[in-house]
Amino acid sequence: MTLDQVILFTVDLLALFSVYLIISLGLNLQQGVTGIPNFGLVLAVAGGAYITASLSTRLAIYLLNVHTSLDPIVNNVTVLQLVNPILRSSPWISIGLLILFLIIGGASGALMGLISSAPAIRLREDYLAITLLAFGEILNVVGTGYDPLIGGPAGTSLPDIFGWAGQYRFYWATLIMLLVAVMLFVYIERLVKTPFGRVLKAIRDNENTAMSLGKDITRYRMSSILIGSILCGIAGALWALYSGAVTPSYDRLDYTFLPWLMVLLGGMGSNVGTAVGTLVFVTLDELIDYFKYSFAPFLPFNVVWLNYLLLGLLTIFILIYRPEGIIREKWTSTPAARPQTGEAKPG
Amino acid sequence: MKEVVTSFGKLRALDGVTLSVEAGSVTLLIGPNGSGKTTLVNVITGFQRPGGGHVYYGEKEITGWSPQRVYRLGITRTFQVPSLFGKLTTLQNLLVADKTHPGESFLKSHLRHLWINHEKETVEKASGILQTLGLAEQSDKPVSVLSGGQMKLTELGRALMSDAKLYLLDEPISGVNPTLALEIFARIVSLRKQFGMTFFIIEHRLDIALKYVDYVNVMASGKLIAAGAPVQVVSDPKVIEAYLAR
């Protein structure tokens, strides 16, 4: 690999890592911290991507005062030729729109989380898991069949909110995505260490006992699903904005099962473990992708399947020999119980 | 409780049980295994709906109330098999019992100044309880590393955190060494005297429990077969036949 190739590879990897980290943090909050097995993550991710894609050009036309009678989805390419030059000329307008679109993405994710979990939130974990799994498939069907959403099977493009960076677009886009991912990591890590986070863990560890202590299990589980779904929606919106286009092809494998593998690999219940697992998984996946064709002459099967084979084997190895993941969930001491300088520790 | 009936299939776990617990008393419930003692506690605390009958707390009927409502009313319980939060520390297991922690609200959890003082007070109270129960050294360890007796004590500590009026304790000293078991019962009596709490205790270790209780109820095969002062009950022939002679 040349230096330029290494840099491009790293930038690409970090972009993918950022998006998957946000999704994995959302999953870890739901499953690792609260004990809700969400196999329908794709619904929130796709919801964030599709609704952001659907609204972004419409909102850009309105907010940037672009005069056109063309349909923003049907005549998407032509409309964006009017919008993108404005965005290219102003980083601040672009950043403002980015924040707005991420809010829309998060809200969309929350809506999807609410729709998918409300009917089943009172069910026990395995029944809730099956319900969430079923709902995850719905949005792709809607995206393919309902053209006004994102233009049907062909999909739609989004305003280029990173266009102001010119030739450095992907570098700046990656940096901003990484920044968003880090901010959300810090937020979730702090949230889990509050008394609210403590109740989520209690519900995970022993739901009946948490009930016997007066905790409203339904409310807390719903909160966890909503927060996790907001994160997934933001990730979906970010990826759509980074890619510049969306098609109704957000599948369960990429946006539900792969995050599950990342969190399992890193350590369920630990945000740091989730980050490590995501980084390891994405790095290995990208490396295999980059080099796999070199192995084609030596393998008795099509190298297209090499990622699934190797990463699947890795997952099995981890589940057998280190089921708690690379980084075990650590029990956190209570913030108020930590000794101040000169004071003895309580008890 | 009046005429409470509960069945599991064909098994009549509670068969028209009528009993009352005097406020401010320490009442013992004994009986052979499978006599319905834990089921009775489950019915009172909302974990089991009765098939018939009524449960009252003072003048208020609480039959069929959810466990959350029962807890908020001022009734707390421990479990026959310790039911702790396995990945939380011993201290955190007690902190979860706090009924009114502002930091447990999702919105308020974002504003640390709204809950940090309450957290400190709760930690201080929990640490004091752990100190009394001899668990101070285990305060910051996950409960999964505790012995069975220590788990029982942690559960008792969690019950004491709740500031409840009525405590339903299911075998609180099983697995606990005799010296500490005596201290626990002595503390229960002292809490009753100081704060007027009511204790309803299931226990098999009569050598320790009988010294401290005001009343004894005896169950066998889902029925209440005797109730009264300890001396009177343990000499009742029905009780001797059903339980004490075994």
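Everything numeric here is computed off the predicted structure, so don't read it as measured data.

Chemist: How do you make sense of the overall build of chain B when you look at a structure like this?
Modeler: Looking only at helices and strands, chain B has 9 helices and 11 strands in total. Here the C-alpha radius of gyration of chain B, 19 Å, is about what a compact globule of 246 residues would show, namely 18 Å. Along the first, second and third principal axes, the C-alpha atoms of chain B reach 60 × 40 × 35 Å. Evaluated residue by residue, chain B yields a buried proportion of 47% over its 246 residues. Intrachain contacts of chain B at a sequence separation of at least 6 include 65% that bridge at least 24 residues.

Chemist: What should I look at first to understand helix H1 (residues 3-33) of chain A in this one?
Modeler: An α-helical turn contains 3.6 residues, so a residue and the one three or four places further along point in the same direction. Its axis deflected by about 30 degrees at leucine 27 of chain A, H1 of chain A carries its strongest bend there. Among the residues trailing H1 of chain A, glycine 35 of chain A stands out with phi positive, at a value near 80 degrees.

Chemist: I would appreciate a short explanation of the environment of serine 174 of chain B in the present structure.
Modeler: Residue and element names in this part refer to chain B. Its place among the elements puts serine 174 in the loop between strand S8 (166-170) and helix H6 (178-195). Given 17 C-beta atoms within 10 Å, serine 174 falls into the partly exposed group. Residues serine 174 and glycine 24, spaced 150 residues apart in sequence, show a C-alpha to C-alpha distance of 24 Å.

Chemist: When you look at the interface of chain A and chain B in this model, what are you seeing that I'm missing?
Modeler: Across the boundary between the two partners, chain A contributes 27 residues, which contact 38 residues of chain B. Elements with a minimum of two residues in the side of chain A that touches chain B: helix H9 (195-205) and helix H10 (207-212) of chain A. Counting residues per element, the side of chain A that touches chain B draws most heavily on H9 of chain A, which supplies 7 residues. Taken together, the residues that form the side of chain A that touches chain B break down as 11 nonpolar, 10 polar and 6 charged.

Chemist: Would you mind going over the nonpolar core with me for this structure?
Modeler: Nonpolar side chains tend toward joint burial in soluble globular proteins. Within the largest apolar cluster, 157 residues are counted, with the highest numbers of intra-cluster contacts made by Ile22, Ile23, Val45, Ala49, Leu231, Ala235 and Leu238 of chain A. Sort the elements by how many residues they give to this core and helix H11 (residues 217-243) of chain A lands first, with 15 residues. Looking at which domains feed residues into this core, each of domain 1 (1-74 + 164-246) and domain 2 (85-163) of chain B supplies at least three. In this structure isoleucine 23 of chain A touches Leu41, Val45, Leu231, Cys232, Ala235, Tyr255 and Pro259 of chain A, once residues within four positions along its chain are discounted.

Chemist: Honestly, the domain arrangement of chain B in this entry has me stumped. Any pointers?
Modeler: You'll often see interface size given as the accessible area lost when the parts meet. All names here are of chain B. Partitioning chain B into structural domains gives domain 1 (1-74 + 164-246) and domain 2 (85-163). The distance between the C-alpha centroids of domain 1 and domain 2 comes to 26 Å. Residue-level contacts link 12 residues of domain 1 with 11 residues of domain 2. The element contributing the most residues to the side of domain 1 that touches domain 2 is H6, with 3 residues. Considering only residue class, the side of domain 1 that touches domain 2 consists of 7 nonpolar, 3 polar and 2 charged.

Chemist: In this structure, what is going on with the confidence of the model for chain B? I would like to understand it.
Modeler: As a general rule, the predicted coordinates of low-pLDDT regions are not to be interpreted in detail. All names here are of chain B. Looking at chain B as a whole, the pLDDT averages 89, with 99% of positions reaching at least 70. Element-level mean pLDDT values for chain B span from 79 in helix H9 (residues 237-244) up to 96 in helix H3 (residues 90-95). Of the two predicted TM-score estimates for the complex, the pTM is 0.88 and the ipTM is 0.87.

Chemist: Even after reading the chapter, I still don't get the pairing of strand S2 (residues 11-17) of chain B, so can you show me in this structure?
Modeler: Side-chain positions along a regular strand alternate between the two faces of the sheet. Residues and elements named next belong to chain B. Two strands pair when backbone bridges link them, and strand S1 (residues 2-8) and S2 are joined in this way by 5 bridges, in the antiparallel orientation. By the bridge assignment, valine 4 is partnered in S2 with valine 17. Following S1, the chain reverses through 2 residues before pairing antiparallel with S2; glycine 9 in that reversal takes a positive phi of roughly 65 degrees.

Chemist: Looking at this structure, I do not really get unusual backbone geometry. What am I missing?
Modeler: Glycine aside, the phi torsion of most residues is negative, and most peptide linkages are trans. Residues and elements named next belong to chain B. Phi is positive for glutamate 3, which is not a glycine, with a value near 50 degrees. By the secondary structure assignment, glutamate 3 is in strand S1. Positioned with a positive phi, glutamate 171 is a non-glycine residue whose angle comes to about 55 degrees. Within the secondary structure layout, glutamate 171 lies in the loop between S8 and H6. The class of glutamate 171 is buried, set by 20 C-beta atoms lying within 10 Å.

Chemist: What exactly am I supposed to notice about the sheet that holds strand S9 (residues 198-202) of chain B here?
Modeler: Neighbouring strands of a sheet are bound in pairs by backbone hydrogen bonds; such pairs are parallel or else antiparallel. Residues and elements named next belong to chain B. Across the sheet, which stays open at both edges, the 6 strands sit in the order S7-S8-S9-S3-S10-S11 with mixed pairing between neighbours. The open sheet terminates on both sides in strands that have one partner only, identified here as strand S7 (75-77) and strand S11 (223-228). Direction aside, neighbouring strands of the sheet carry axes that sit 15 degrees apart on average. Pairing of strand S3 (residues 26-30) with S9, which is carried by 4 bridges, proceeds in the parallel orientation. Counted as the bridge partner of threonine 27 is phenylalanine 200 from S9.

Chemist: Is there a simple way to think about the packing of helix H12 (residues 252-266) of chain A against helix H14 (residues 306-321) of chain A in this case?
Modeler: Any two packed helices are characterised by the angle at which their axes cross and by the distance between the axes. Residue and element names in this part refer to chain A. Where H12 meets H14, the axes come as close as 10 Å, and the angle between the chain directions of the two elements is 40 degrees. When the axis of H12 is compared with that of H14, the two are oblique. Note that H12 runs across H14; the crossing there is left-handed. When H12 is examined against H14, the residues Leu261, Leu264 and Leu265 are found in contact with a partner set consisting of Leu311, Thr315, Ile318 and Leu319. Residues belonging to the contact of H12 with H14 are distributed by class as follows: 6 nonpolar, 1 polar and no charged.

Rules of the game
Residues numbered from 1 in each chain as written. Chains lettered and ligands numbered in written order. Predicted model: local features only at pLDDT ≥ 70, side-chain atom pairs only at ≥ 80, totals over all residues. Helix = DSSP H or I, 4+ residues; strand = E, 2+ residues; numbered from the N terminus. Rg over C-alpha atoms; globule rule 2.2 N^0.38 Å. Buried ≥ 20, exposed ≤ 12 C-beta atoms within 10 Å, placed from the backbone. Contact = placed C-beta atoms within 7 Å. Bend = angle between axes of the 7 residues up to and from the residue. Nonpolar A, V, L, I, M, F, W, Y, C, P; charged D, E, K, R; others polar. Core = buried A, V, L, I, M, F, W, Y, C linked by C-beta atoms within 7 Å. Domains from an automatic or database assignment. pLDDT = per-residue confidence, 0-100. Pairing = 2+ DSSP bridges. Axes fitted to C-alpha atoms, helices over the stretch in contact; angles between N-to-C directions. Parallel < 35°, antiparallel > 145°, perpendicular 65-115°, else oblique. Left-handed = near helix turned anticlockwise from the far one by under 90°.

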